[in-house]
Amino acid sequence: MEEIMYLAVKKPEYLIYGKDSVMDAVKKGIAKVVIVSEDVGEDEIMNLTLTLKGRRDIELFVMPKSVEENLTLTQTFGGYVAILSTPSWILEASNEDQDRNNS
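Right, let's walk through the structure included here. (Residues numbered from 1 in each chain as written. Predicted model: local features only at pLDDT ≥ 70, side-chain atom pairs only at ≥ 80, totals over all residues. Heavy atoms only, no water.)

1. Let's talk about the environment of L15
Assignment of secondary structure puts L15 in strand β1 (residues 15-17). Taking relative accessible area as the criterion, L15 reaches 8% and is therefore assigned buried. Setting aside residues no more than four positions away along its own chain, L15 makes contact with I4, L7, A8, F77, V81, A82, I83 and L84. (Helix = DSSP H or I, 4+ residues; strand = E, 2+ residues; numbered from the N terminus. Buried < 20%, exposed > 50% of the residue type's maximum accessible area, 1.4 Å probe, protein only. Contact = heavy atoms within 4.5 Å.)

2. What about the packing of aromatic side chains?
Across all of its chains, the model carries one aromatic pair by this definition. Between the aromatic rings of Y17 and F77, the centroid separation amounts to 5.5 Å while the plane-to-plane angle is 65 degrees, which identifies the pairing as edge-to-face. Here Y17, found in strand β1, pairs with F77, found in helix α4 (residues 69-77); they are 60 residues apart in sequence, far enough to count as distant. Taking the relative accessible area as the measure of exposure, Y17 reaches 47% and is therefore partly exposed. Of the residues examined, F77 reaches a relative accessible area of 6% and is grouped as buried. (Phe/Tyr/Trp six-rings, centres within 6.5 Å; stacked < 30°, edge-to-face > 60°.)

3. Regarding α4
Those residues of α4 lying buried are N70, L73 and F77. One side of α4 holds all its buried residues, which, seen down the axis, span an arc of 90 degrees. Exposed side of α4, more than 90 degrees from the buried face: L71 and Q75 are the residues found there. Structurally, α4 contributes buried residues whose contacts are with α1 (2-10), β1, β2 (31-37), β3 (59-63) and β4 (80-84). (Arc of directions from axis to C-beta.)

Here it is in structure tokens:
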């Protein structure tokens, strides 16, 4: 959690949170670490585990409910956080290009 809080303050472009944003970063291949709260539920954790199966470039951590930082992860970040290998604006630019192509 220390690294997440550091990135949130000093390098926020390397941190993304919320289920949809994290899953988008995973699909685009720019997430290097995904941290998820146990509070999101067993089914969500299983789906994420299966999504990441065979992906050696992404580490998955599940924050147990018993850990104090889990509350911060759930309340502040919606239970999902990804540390990115490239800045988040790359992901945003990619989404804008995709939206233009779909129009």
